[in-house]
Structure formats: structure tokens, C-alpha cells
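The primary structure of each chain is shown beneath.
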Amino acid sequence: MPRFNEDLIKSASQGTFIKDVRFLEETESTNKSALTMAYHGAPEGTAVIADAQTAGRGRLGRLWISPPGKNIYVSLILRPAIDPSSASQITLVAGVAVAEMLNTYCPGRIELKWPNDVLANGRKLCGILAESRVTAEKVEYVVVGIGINVNMEPGHFDESIREIATSIRMEAGAEIPREEVVARLFWSLDRIYRLYLETGFGAIREKWLDCSGMIGKDITVSSPDGLVKGTVVGMGAEGQLTYLHEGKIKSLTAGEITIQPGAGE
Ligand code: BTN
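1. Quick look at the overall build of the chain
Then, in step 1: Along its length, the chain carries 6 helices and 12 strands.
Then, in step 2: Taken against the 2.2 N^0.38 rule, which gives 18 Å for 265 residues, the C-alpha radius of gyration of the chain at 18 Å falls within 12% of a compact globule.
Then, in step 3: Taking the principal axes of its C-alpha atoms as reference, the chain extends roughly 55 × 45 × 30 Å.
Then, in step 4: Out of the 265 residues in the chain, the part that is buried amounts to 51%.
Then, in step 5: The contacts of the chain with a sequence gap of at least 6 include a subset with a gap of at least 24, amounting to 62%.
Then, in step 6: Just so you have it, the chain exposes about 12300 Å², and 50% of that area is on carbon and sulfur atoms.
Then, in step 7: Put simply, the chain has 28 plus and 33 minus side-chain charges, and the middle of one group is 1 Å from the middle of the other.

2. A short note on helix α5 (residues 178-199)
Then, in step 1: In a regular helix each residue adds 1.5 Å, so 22 residues correspond to 32 Å; α5 covers 31 Å between its end C-alpha atoms and thus fits that length.
Then, in step 2: Directly beyond the C-terminal end of α5, a positive phi value near 95° is found at G200.

3. Some thoughts on the site of the ligand
Then, in step 1: The immediate surroundings of the ligand are formed by 21 residues, with S29, Q53, R57, R59 and K124 found nearest.
Then, in step 2: Notes on the ligand: free accessible area 420 Å², of which the protein chains cover 98%.
Then, in step 3: Put simply, the ligand lies in the largest pocket.
Then, in step 4: Looking at which element gives the most residues to the shell around the ligand, the answer is strand β6 (residues 123-134), with 4 residues.
Then, in step 5: By residue class, the composition of the shell around the ligand is 6 nonpolar, 11 polar and 4 charged.

4. Describing empty space enclosed by the protein
The method is simple in principle: a probe with the dimensions of a water molecule rolls over the atoms, and the space it marks as empty is what remains.
Then, in step 1: In this structure the tally under the stated criterion is 1 cavity of 30 Å³ or more.
Then, in step 2: Taken together, F17, L76, L78, I90, V93, A94, V144, L189 and Y193 form the lining of the largest cavity.
Then, in step 3: Breaking the lining of the largest cavity down by element, the ones donating at least two residues are β3 (72-78), α3 (89-102) and α5.
Then, in step 4: The greatest single-element share of the lining of the largest cavity, amounting to 3 residues, is contributed by α3.
Then, in step 5: The residue makeup of the lining of the largest cavity, split by class, is 9 nonpolar, no polar and no charged.

5. Section: the state of the cysteines
Then, in step 1: For the structure on display, the rule yields 0 disulfides.
Then, in step 2: Residue C106 stays outside any disulfide, its sulfur separated by 11 Å from that of C126, the closest cysteine.
Then, in step 3: A relative accessible area of 0% places C106 in the buried class.
Then, in step 4: C126 gets classed as buried once you look at its relative accessible area, which sits at 0%.

Cut-offs applied
- All residue numbers here refer to positions counted from 1 along the written sequence of the relevant chain.
- The model is predicted, so local features are restricted to residues of pLDDT at least 70 and side-chain atom pairs to those at 80 or more, both for listing and for counting; the totals for chains, interfaces and linings are taken over all residues.
- As a rule here, side-chain values come from all non-hydrogen atoms in the structure, and water together with hydrogens is ignored.
- Runs of H or I in DSSP of at least four residues are treated as helices and runs of E of at least two as strands, each being numbered from the N terminus.
- Radius of gyration: C-alpha atoms only; globule rule: 2.2 Å multiplied by the number of residues to the exponent 0.38.
- Residue exposure (1.4 Å probe, protein chains only): buried if accessible area is under 20% of the type maximum, exposed if over 50%, otherwise partly exposed.
- The contact criterion used throughout is that any non-hydrogen atoms of two residues lie within 4.5 Å.
- Computed by Shrake-Rupley with a 1.4 Å probe, the accessible areas treat only the displayed protein chains as cover when residues are assessed.
- All tallies of charge rest on Lys and Arg as positive and Asp and Glu as negative; His and the ends of each chain are not included.
- Where a charge lies is defined by one atom per residue type, namely NZ (Lys), CZ (Arg), CG (Asp) and CD (Glu).
- Expected helix span is taken as 1.5 Å per residue step, with the number of steps being one fewer than the number of residues.
- What makes a residue near a molecule or strand is one non-hydrogen atom of that residue sitting within 4 Å of it.
- Cavity: a set of points on a 1 Å grid over the protein atoms alone where a 1.4 Å probe fits but cannot get out. Pocket: an open set with protein on both sides within 12 Å along at least five of seven lines, its lining residues, like those of a cavity, having an atom within 4 Å of a point.
- Placement in a cavity or pocket follows one criterion, namely that more than half of the molecule's atoms lie within 2 Å of its grid points.
- For this scheme, ten residues count as nonpolar: Ala, Val, Leu, Ile, Met, Phe, Trp, Tyr, Cys and Pro. Four count as charged, namely Asp, Glu, Lys and Arg, and the remainder, Gly too, count as polar.
- Grid points are joined across faces, edges and corners, and a volume is the space filled by probe spheres set on the points.
- Only a pair of cysteine sulfur atoms within 2.5 Å qualifies as a disulfide here.

Set out below in C-alpha cells:
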């Protein structure tokens, strides 16, 4: 499988806020590469795309398995003029952009799982990892890393995740050129990120709730106090997940949740 057609992707980025696209054949992690570039002053709108990652980073120290020729591993440098307390909203902004883009390949089957998973038919299709440098006064930069399973087939996934992962190819039933997916991703990110910067988080929250199948679901929350069960109510104005626990509304700003299968599922 050849590497990316770089010219196609560069021309798709024209007119968007993505002004510089760097291609790497292999890197440890596009997030790590982009964080180094951001630290040295790379501007907003710099993207790093790799054909393969040797130590792709997932949330909570997990590994994101990143073989060559099959998927998209991209990290974007953002320098949003937002309050540092809002930095975690960037993951939700990216989630909405990815979900709206993936809906063109898997209409009606895409769901967002708080805070950063994009699922198709309940299986993970994309993961998002935002890493940032924030001071008390400002957000210096946020690197948003997006991993999308594009042309993986069941046998390509590690056995440990075979039952819980999927790809665009598995959902749409056809091989999809990765350049096309990157182009659609850039357009969607451009539209949603601009909406966020121009109007604030409210419109993103509405879209996120439209794409989420979580409302009313029973969940288990991993919190510092241990495992807590609850029922999802919605999303707070700042992006926190709200859930009902023992008759009280609680809100979660960070953490890991598991959705309990509903009756009959
Ligand atoms: C997760 O769901 O745990 C987040 C996975 C994020 C993976 C992407 S792939 C591109 C970017 N580079 C990384 O090292 N991680 C993110």
C-alpha cells in the first residue's frame, strides 16, 4: 500500500485553517512530534500525519496500535484564545467534527462516547487524544491527536480489541482512499473549530448531544472514590458529563466511564 498522496491532502487543506501539513513515514507518535513542534513555536494550523506510529499514544497511558498503510494518525496544533479552564472542550470540538465527517460513510451509526471516543455500531472507530500546555493565564497550545481506523479488517486488529473495534471499511463494506478521509476530516474540523471560536461552546454542546447515544444510559464511572454507578443526564454548559447518582445530579470533568448494556442488548 503506497504512502499518502501528499499533494491531494495539501490541496484539500487550502482555504482551511490548516496551513502546513507535515508527512512522516513513521514516528513514535504524531502527538509527540506535534508537541515538540508546538513547543518550538509552530503556529496554529500545523498538522502532522504519519503512515505508521511505533508508540501511538492512547488515553490513560494505553498504546494506540498504528500499523502502516491502513489508517489515519494525525495531530493538529491549535492555539485557541480561550480560557485555560475550557481547554478540555477541544476534545469535544474535535469529536463533533470527526463524528459529522464519519456520518458520511456510516450514516446513522456514529455515536460519541464522552469524552473522546467515536463509535460505529457501538465499536470504536476513532480515538482522540488532546494534550496541551496551559498556564494560569492562557492556553499556549493544544495538540489534538486523531486516530481513525480506515481500512483495517477484523484480522488486522490485535485479538484483545477485535470485538470492540471497527473501521470505516468494515462499516461501509468498501476500501476507502485515506486521502479522501483526511480531506473530509480537515473540512469538518475547519467548520466546527471556526464555529467554536466564533460562537463559543454552546453550539458544539448541542451538536455533541445530537451525536451521542449516551443520554439515559446506565454507566459506571471510575472516580477517585472508586467505581460509581449512575445514569447519564446530559452535558453541562462547559462540557462536563452530568449523571444521576442516588437521586443527585453529579458532574464529571475527567475520567473513564463504561456504558452498561441496556435490557435486551
Ligand atoms: C484513545 O482513544 O485512547 C485516544 C487515541 C488517540 C490516537 C491518536 S493517533 C494520532 C495521535 N498520535 C498519538 O500518539 N495518539 C493520537
